[in-house]
Amino acid sequence: MKRFAALFAVLALCLALAAPAAAEKSIVIGLASDALFMDPSQQDETITNTMGRYMYDGLLNNDALGVPRAALAESWTIGDDNLTWTFSLKKGVTFHDGSDFTAEDVAYTVEVCRTSLLKNFTASIDRVEVVDPYTVKIITKAPTAVLLESLAALRILPKAYRTKLGETAFNQAPVGTGPYVFVEWVKEDHISMKANEQYWGGSPKIKKVTFRPISNAATRTAALLTGEVDIIEDVPVRDVDKLKNTEGLSVVDRPSERLIYLHVDSHRPQGPGIIGLDKNPLADLRVRKALSLAINRDSIVKMIMNGNAYATNQMVLKGRRGYVEDMPAPKYDPEEAKKLLAEAGYPDGFKVYLDAPNGRYPNDGQVAQALASQLTKAGIQIELRLHPKTTFFDFVRPGDKSSLVMTGWSEPIDVGEMASVLFYTRGKNPAKGGSNRGHYANPGFDALVDEADGTADPGKRRVILEKAARMIVDDGGIVPLYFQQDLYGKKDAVVFEPRADKSILAYDMDVK
Amino acid sequence: MLKYLLKRLVQMIVVLFTVSVIVFLVMSFTGDPVLMIVPPTATDAQIAEARTALGLDRPLWVQYGVFLQNLIRGDLGVSYIFKRPALTLIVERMPATLELVFFSVLLSLAVALPCGVYAGARPNSPFSRAVMGGSLLGISLPSFWVGILLIFYFAVEKGLLPSSGRGATAPLFGIPFAFLTWDGFRHIVLPAVTLALGTLAMLIRLIRAQIMEVMRQDFIRFARAKGVSWRSLFFSHALKNALVPVVTVFGMQIGSLIAFATVTETIFAWPGMGKLLVDSINTADRPVIVAYLMIVAAMFVLINFIVDIVYTLIDPRIDLR
């Protein structure tokens, strides 16, 4: 009888949960994967970062376009040395456990992230000085124009609470200052949060948020069609029309930060990926020009990406530093390509391996196949090597295996960050050029990157980076192909604007 | 009996040891986990540092030695991605998988036994033919296709059942189970049917063949001549004799259902350990993959052992030695 009563109680509870709460707005979000961590200092990964934006704040929070805006920091000044940044913090902000947010928490967060996977965001910081509970000084090693962007990536952790619980327990019971409060995380099943009514930015309109990780794309679409979820990310291209044609549902898109591009072995006298030649044709600028001219980006976008991508000659999206307003659109001219190849001494072309991932990015394998056939037609005969995603990045590490690599990069800050990792001459500076898979080596370009990294003035940095971006694209050190598209499916009742960082933030949304 | 148990135990250890060697070797060829866990902006020094921290800079046989040493202490390693013990991650998700497999097994038995026996006894009836045709479909259709089809028909078109997830759970002995709540039970139906389909179809065919074979034997004729009722003839005389190979296959099937519920779990976003395996393969999270395969191997060995015991119960002529 007792068990019966328990069962009854459970059933009643279910019914109670199923019944619509009176006028309390809630939303169910279908994600493509579960979060890895609830502790935002543990991983730099899209879903974990999204959780970080729900439950925590940074000194600055990025807006929808990815521009950092004042959050826990009320204002800041930079000293005459161009190194010392003084931040005054918001007063009266409390963590979800009721404790006050102070400068100690800022210093603690920087220390934690220094040894975690977020250490790239703290690399420019020399030390943090707590002046008083609401003033903190951050001293950089060198003038750093991207400090604000880096700080926006650091979500402020509660020092006292987290040290008391320890890393593992904190991850199961996270506490921050953000607009939503953690309720429950059942791995791979759901994450639930409720509104933080005391939020300094005003209490959220949507009071209850549930995330459901549904990794199979067709199932995710089905869950939206049945109404079990209100909004989904990563709509598969084949389902776009179905959702658009269903009453009450709509599809929203925006250019993704992820660029798909080619690394070109542009400076080494011999190319390991060149077949049957003891010199490297790609070291000739005319050949690199021919490479870009031989690619029909529009047809790749149209035929393989179903129109859900944006052909480009840029390295970053419009609005980011290093986007070049008057950069000429990419040209497709296979005849001109053949002519340039002949001029460079390869009238019959040459053979080269193209290394590309299969299953890392949407349709990447097919795109690589299309590239191979287009390039081969123009005389650059491609031997395609497709790699599974777990072995791809290992294979294409800078070294002695490849000369032409198709890959993707998602740049959340600006061309400078991207350039110093991907295109800075290898071996010159241990902190730079780590993933320079094309072994691009251009002292003029390096000088611009260094100059950009040496200024604390974002405006100056923008000018320098535009110059750098133009230089490397003209030089064929990078061959940009297209930006991917972020696609979301939602109920019409959901008010939603996609963000540059791909997070679906309930705080900025509404349900009608 | 004791001698038999000891022999099986030694066998089990040998099998597990062999599996560990194979798994470890295969793992070392499947991509570099270090590049999966360092940020894309990592410098060469940071990558080397991470490699040392994980012990991946040492020669393979040293890594294997360390792994064995830890294994003996019951430590299957810590996930590179989640930074938690691999065993905990798997055990956490095990109830969901076991629950799903339990219902699939129940369903396959409930359908396969009567259908198989009937089709074996009356091979020429239209119903038997229909069952056999259906079972052929069940064997040949891939489960990811069936799963999506079921979702689109029962959840999207008809709105009868939820499309995915596990729904509400209620605790039993402190472990959350979905079937204890109505909502959770509704969530189990489609994945359980999808998972059961292949096993069910195979069992039907096997039971039918066995029954047909047994029905031709002399003792059945005697029983019939003696005037044993049809029902008793089939279910106690024929079925019991037909059952030994069925139990073997069924045991193996339970093992594979647990091990390879992976596809079904991924389609239905069922939070079980199969999905953990897929995710871990994608991120080259070696400790979790190795731990998972070790546990699955142990399960197979255990199930086989149970099957052998069950033999003796069904057929006292079989001697465990």
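Residues numbered from 1 in each chain as written. Chains lettered and ligands numbered in written order. Predicted model: local features only at pLDDT ≥ 70, side-chain atom pairs only at ≥ 80, totals over all residues. Heavy atoms only, no water.

Let's talk about the overall build of chain A
Heads up, the rule is: Under the scheme used here, helices are H or I runs from DSSP no shorter than 4 residues and strands are E runs no shorter than 2 residues, and both carry numbers assigned from the N terminus. Atoms counted for the radius of gyration: C-alpha only. Globule rule: 2.2 Å times residue count to the power 0.38. Exposure categories follow from relative accessible area, calculated using a 1.4 Å probe and restricted to protein chains: below 20% of the type maximum is buried, above 50% is exposed, and the middle band is partly exposed. Residues count as neighbours in contact if any of their non-hydrogen atoms are within 4.5 Å of one another. Method for areas: the Shrake-Rupley scheme with a 1.4 Å probe, in which residue coverage is limited to the protein chains shown. Counted as positive: Lys and Arg. Counted as negative: Asp and Glu, with His and the chain ends omitted from the count. A charged residue contributes its charge at one atom only: NZ of Lys, CZ of Arg, CG of Asp or CD of Glu.
If you tally the helices and strands in chain A, you get 17 helices and 20 strands. Taken over the C-alpha trace, chain A has a radius of gyration of 25 Å; the compact-globule value for 512 residues is 24 Å, and the two agree within 12%. Along the first, second and third principal axes, the C-alpha set of chain A runs to 85 × 60 × 40 Å. A burial count over chain A gives 57% of its 512 residues as buried. Sequence-distant contacts in chain A: of pairs separated by 6 or more residues, those separated by 24 or more amount to 67%. Surface exposure of chain A reaches about 20,700 Å², of which carbon and sulfur atoms provide 53%. Computing the positive centroid from 62 side-chain charges and the negative centroid from 66, chain A places the two 2 Å apart.

Overview of the pairing of strand β1 (residues 26–31) of chain A
All names here are of chain A. The cut-off we apply is this: We call two strands paired when DSSP finds no fewer than two bridges between them.
Where burial is concerned, most of β1 is hidden: five out of the six residues are buried. As defined by bridge partners, β1 adjoins strand β10 (residues 208–213) across six bridges and the pair is classed as parallel. Following the sheet pairing, G30 is matched in β10 by R212. Pairing between β1 and strand β11 (residues 231–233): two bridges, direction parallel. Looking at β11, one finds that G30 is bridged to I232.

Some thoughts on the domain arrangement of chain B
Residues and elements named next belong to chain B. The test is simple: The start and end points of each domain follow an automatic or database-based domain assignment. Each of two parts loses accessible area, computed with a 1.4 Å probe, when they are put together; buried area is these two losses added. Just to be clear on terms, a salt bridge is a Lys or Arg side-chain nitrogen sitting within 4 Å of an Asp or Glu carboxyl oxygen. Throughout this description, a polar contact denotes any pair of N or O atoms lying within 3.5 Å of each other; where both atoms belong to protein, one of them has to be capable of donating a hydrogen while the other can accept it, and for residues adjacent in sequence the pair is counted only when both atoms sit in side chains. Amino acid classes used here: Ala, Val, Leu, Ile, Met, Phe, Trp, Tyr, Cys and Pro are nonpolar; Asp, Glu, Lys and Arg are charged; the rest, including Gly, are polar.
Parsing chain B into structural domains produces domain 1 (2–72) and domain 2 (88–314). Between the C-alpha centres of domain 1 and domain 2 the distance comes to 32 Å. Between domain 1 and domain 2, the residue contacts involve 19 residues of the former and 14 residues of the latter. Counting the surface lost from both domain 1 and domain 2, the interface buries some 1,500 Å², and carbon and sulfur atoms represent 78% of this. Applying the counting criterion to the domain 1 and domain 2 interface returns one salt bridge. The shortest N-O distance in the salt bridge between D308 and R8 comes to 2.2 Å. Summed over the shared surface of domain 1 and domain 2, the result is two residue pairs in polar contact (both at pLDDT 80 or more). When residues of the side of domain 1 that touches domain 2 are assigned to their parent elements, the largest contribution, 10 residues, is made by helix α1 (residues 2–27). Of the residues belonging to the side of domain 1 that touches domain 2, the class tally is 13 nonpolar, five polar and one charged.

What to know about the side chain of S280 of chain B
Relative to the elements of secondary structure, S280 of chain B occurs in helix α12 (residues 273–282). Judged by relative accessible area, S280 of chain B falls into the buried class, the value being 1%.

Some words on the interface of chain B and chain A
Each partner contributes residues to the interface: chain B has 48 residues there, and chain A has 40 residues. Here chain B meets chain A over a buried area of about 3,600 Å², counting both sides, of which 57% is carbon and sulfur. On the surface where chain B and chain A come into contact, there are three salt bridges. A salt bridge links K275 of chain B to E188 of chain A; the shortest N-O distance between them is 2.4 Å. For the pair chain B and chain A, the interface holds six residue pairs in polar contact (both at pLDDT 80 or more). Elements that contribute at least two residues to the side of chain B that touches chain A include exactly α2 (33–37), α3 (44–54), α5 (86–121), α7 (143–157), α8 (182–215), α11 (262–267) and α12 of chain B. Here the side of chain B that touches chain A takes five residues from α7 of chain B, the largest share from any one element. Taken together, the residues of the side of chain B that touches chain A sort by class into 25 nonpolar, 13 polar and 10 charged.

Regarding the side chain of S41 of chain A
Residue and element names in this part refer to chain A. Considering the arrangement of structural elements, one finds S41 in the loop between β1 and α2 (46–55). For S41, a relative accessible area of 2% corresponds to the buried category. Reaching out from S41, the side chain makes a polar contact with the side chain of D39 at a distance of 2.7 Å.

Some remarks on the packing of α1 of chain B against helix α4 (residues 60–72) of chain B
Residues and elements named next belong to chain B. As a reminder of what qualifies: Where helices are involved, their axes are fitted lines through C-alpha atoms of the stretch in contact, as for all axes, and angles between N-to-C directions lie from 0 to 180°. Put simply, angles under 35 degrees are roughly parallel, angles over 145 are roughly antiparallel, angles from 65 to 115 are roughly perpendicular, and the rest are oblique. Crossing chirality is assigned from the near helix's rotation relative to the far helix, an anticlockwise turn below a right angle marking it left-handed and a clockwise turn marking it right-handed.
Between α1 and α4, whose axes approach to 11 Å, the crossing angle comes to 140°. Taken together, the axis directions place α1 and α4 in an arrangement best described as oblique. In this structure, α1 crosses over α4, and the sense of that crossing is right-handed. Touching F17, S20, V21, F24 and L25 of α1 are L60, Q63, Y64, F67 and L68, all from α4.

Quick notes on helix α12 (residues 334–343) of chain A
All names here are of chain A. So the rule is basically this: Within this analysis, the arc is defined by the directions that extend from the helix axis to the C-beta atoms.
Those residues of α12 that fall on the buried side of the exposure criterion are A337, L340 and L341. End-on view of α12: buried residues confined to an arc of 100°, all on one side of the axis. Along α12, the residues that are exposed and aim more than 90 degrees away from the buried face are E335 and K339. Of the surrounding elements, those touching the buried residues of α12 are α10 (285–293), β15 (350–358), α13 (364–378) and β16 (380–388). The first or second residue beyond α12 is G345, which carries a positive phi of 100°.

A look at the pairing of strand β4 (residues 73–78) of chain A
Residues and elements named next belong to chain A. Looking at chain direction, β4 and strand β5 (residues 84–89) are connected through five bridges and run antiparallel. Bridge pairing in β5 places A73 opposite L89. Hairpin connection of β4 to β5: five residues between the antiparallel strands, including N82 at a positive phi of 65°.

Points about the sheet that holds strand β7 (residues 135–140) of chain A
Residues and elements named next belong to chain A. Strand order in the open sheet made by the four strands is β4-β5-β7-β6, with antiparallel pairing throughout. Looking at the sheet topology across the chains shown, the edges are occupied by β4 and β6 (125–132). On average, adjacent strands in this sheet sit at an angle of 20° to one another, irrespective of strand direction. As defined by bridge partners, β5 adjoins β7 across five bridges and the pair is classed as antiparallel. Following the sheet pairing, F87 is matched in β7 by V136.

Concerning the pattern of salt bridges
When their charged atoms lie close together, side chains carrying opposite charge are able to pair. Residues and elements named next belong to chain A. What the rule picks out here adds up to 41 salt bridges over all chains. Note that D501 is salt-bridged to R53, the shortest N-O span being 3.2 Å. In this pair, D501 sits in the loop between β19 (494–495) and β20 (510–511) while R53 sits in helix α2, placing the two residues 448 residues apart along the sequence. Judged by its relative accessible area of 16%, D501 is buried. Bridged by salt links that share partners, the residues E149, R321, D414, E417, K432, D450, D453 and R461 form one connected network.

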